[in-house]
Amino acid sequence: MKNISVTGLFLFFCLSIFAQNDIAAEREKARKFMQSGDLDNAILVLSKADEANKDNPEIQKDLALAYYYKKEYTKAQETANLVIASPDCDPAAYQLLGNILKAQEKLKDAETNYKNALKDFPNSGPLYNDYGELLDILKNPKGAIDMWQKGMQVAPSYGSNYYNAAVYYYKQPEDKIYAIIYGEIYANMEGLNPKAVAIKKMVLDAYKQKLFISQNLNADADREKNEFVKSVLLTFAKQSGISAQGITPESLAMIRTRFILDWNATFAAKFPFHLFDYHQQMMRSGLFDAYNQWMFGPVNDNAEFENWVNTHKEDYDKFTLFHSSRIFKMPKGQVYSAK
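Here we summarise the structure given alongside this text.

So, about the overall build of the protein chain. The helix and strand tally for the protein chain stands at 19 helices and zero strands. The C-alpha extent of the protein chain, read off along each of the three principal axes, is 80 × 45 × 45 Å. Burial statistics for the protein chain: of 339 residues in total, 48% are counted as buried. The long-range share in the protein chain, meaning contacts at least 24 apart out of those at least 6 apart in sequence, stands at 59%. Accessible area of the protein chain: about 17500 Å², with a carbon and sulfur share of 54%. Side chains of the protein chain give 40 positive and 41 negative charges; the mean places of these two sets differ by 4 Å.

Now for the pattern of salt bridges. This model, assessed by the stated rule, comprises 16 salt bridges. For the salt bridge of K29 with E26, the shortest nitrogen-to-oxygen distance reads 3.5 Å. Highlighted residues: K29 and E26, both in helix α1 (residues 2–35), separated by three residues, approximately one helical turn. The salt bridge partner of D220 is R223, with a shortest N-O separation of 2.5 Å. With D220 and R223 both in helix α12 (residues 217–223) and three residues apart, this pair spans about one turn of that helix. Owing to a relative accessible area of 12%, D220 belongs among the buried residues under this scheme. Residue R223 is classed as exposed on the basis of its relative accessible area of 62%.

As a further point, take helix α17 (residues 288–300). Structurally, the α-helix is built with 3.6 residues per turn, so residues lying three or four positions apart point the same way. With 13 residues, α17 ought to run about 18 Å at 1.5 Å a step, and its terminal C-alpha atoms sit 17 Å apart, in line with that. Most pronounced at W294, the bend in α17 amounts to some 40 degrees, and the proline P298 follows within four residues. Counted residue by residue, α17 has ten buried out of 13 residues, so it is predominantly covered. Listing the buried residues of α17 in full gives F288, A290, Y291, N292, Q293, W294, M295, F296, G297 and V299. On its buried face, α17 is in contact with α10 (178–189), α11 (195–211), α15 (249–266), α16 (274–284), α18 (302–311) and α19 (313–324).

With that settled, the discussion passes to unusual backbone geometry. A negative phi holds for most residues other than glycine; trans holds for most peptide bonds. Despite not being glycine, K71 has its phi angle at roughly 65 degrees, a positive value. With respect to the helices and strands, the residue K71 is situated in the loop between α3 (57–69) and α4 (73–85). Even without being a glycine, E105 presents a positive backbone phi close to 60 degrees. Its location among the elements puts E105 in the loop between α5 (91–103) and α6 (107–120).

Helix packing geometry: the angle between the two helix axes and the distance between the axes. It is the contact of α11 with α17, at a shortest axis distance of 9 Å, that shows an interaxial angle of 90 degrees. Judged by the inter-axis angle, α11 sits roughly perpendicular to α17. Taken together, the residues of α17 that come into contact with α11 (itself represented by V197, K200, K201, V203, L204, Y207 and K208) are W294, M295, F296, V299 and N300. Considering only residue class, the contact of α11 with α17 consists of eight nonpolar, one polar and three charged.

The next thing to look at is the nonpolar core. The nonpolar side chains of a soluble globular protein tend to be buried, and buried together. Counting residues in hydrophobic clusters, the biggest one holds 105 residues, and the most contacted among them are Y182, I185, Y207, F228, F236 and F276. The greatest single-element share of this core, amounting to nine residues, is contributed by α10. If we skip the residues at most four places from it in the chain, F276 touches I181, F228, V232, F259, I260 and W263.

Following the sequence through the fold, S231 ends up in helix α13 (residues 227–237). A relative accessible area of 4% means that S231 is categorised as buried. Setting aside chain neighbours within four positions, we find S231 in contact with W263, F267 and F271.

How each quantity is defined
Residues numbered from 1 in each chain as written. Predicted model: local features only at pLDDT ≥ 70, side-chain atom pairs only at ≥ 80, totals over all residues. Heavy atoms only, no water. Helix = DSSP H or I, 4+ residues; strand = E, 2+ residues; numbered from the N terminus. Buried < 20%, exposed > 50% of the residue type's maximum accessible area, 1.4 Å probe, protein only. Contact = heavy atoms within 4.5 Å. Areas by Shrake-Rupley, 256 points an atom, 1.4 Å probe, with all protein chains shown as cover. Lys, Arg positive; Asp, Glu negative; His and termini not counted. Charge placed at Lys NZ, Arg CZ, Asp CG, Glu CD. Salt bridge = Lys/Arg side-chain N within 4 Å of Asp/Glu carboxyl O. Expected span 1.5 Å × (residues − 1). Bend = angle between axes of the 7 residues up to and from the residue. Axes fitted to C-alpha atoms, helices over the stretch in contact; angles between N-to-C directions. Parallel < 35°, antiparallel > 145°, perpendicular 65-115°, else oblique. Nonpolar A, V, L, I, M, F, W, Y, C, P; charged D, E, K, R; others polar. Core = buried A, V, L, I, M, F, W, Y, C linked by side-chain atoms within 4.5 Å.

The following block contains the structure:
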């Protein structure tokens, strides 16, 4: 009997593997149809797979997505709801349902969806990001930034919350720091994303139009209630003289080098911050000038940037190798804007 039992378990295990392989093959076939724009065939393949493999949440998510792309929102919503009700539901299912509801302009239903999602997955950075974007659509910017800040707190290595927070702060007339800081964090996390180019331009503009346009950064710091921002402003105030030369990648490299030296001597122990530690690491490696060119050169003057790269090829190649071999991740506990 023991041998029969073991044999039975082995056969069950093999059948399970074969079934999973079949499901993966069907999903891949449907995905190729979707990528080519043939949504009817994608739906056909996935519907057949769903009939053969009842209550498989991965197939149902793909099917809901195909209906969503085809703008058959009622079917998409019905299928996504099946996944939400499943014990195998994940944050991606709630995200998909949120997009389906937003496409139908069922914004209040979408808000309820995100609230339920965060009860089930309170540490999901993508869900906080999507909920924040919905609140922004609902003209609730304060609620939106609260969501993005919470997303940064619980999932500090998820980039989109930094992107949206940077854009939010850039629009606030009184902010001089967080558009710069969160924008640069996003650029490091998502350097290959097309949004990174726009965010680098925004950070450069924030240095010009928000930070160093001030006549008295010390006075700005005196009025600031957030202790982290106050400390950053006081440290930048020491470099205001260099800004009179104009804000360029070269002048920013000088300003930011002196900033890091002063910051480490005065405030780093009180406010540990990974972005500034990364700056120091590149300074020690002799790569900080090249990093500032990567960050600001193309959005400042692309022709000048290309000329700089051509005349500093060895330095830029060393920086590129260094930068591309690392994944930039923010640790928990450094969202000082939420305090």
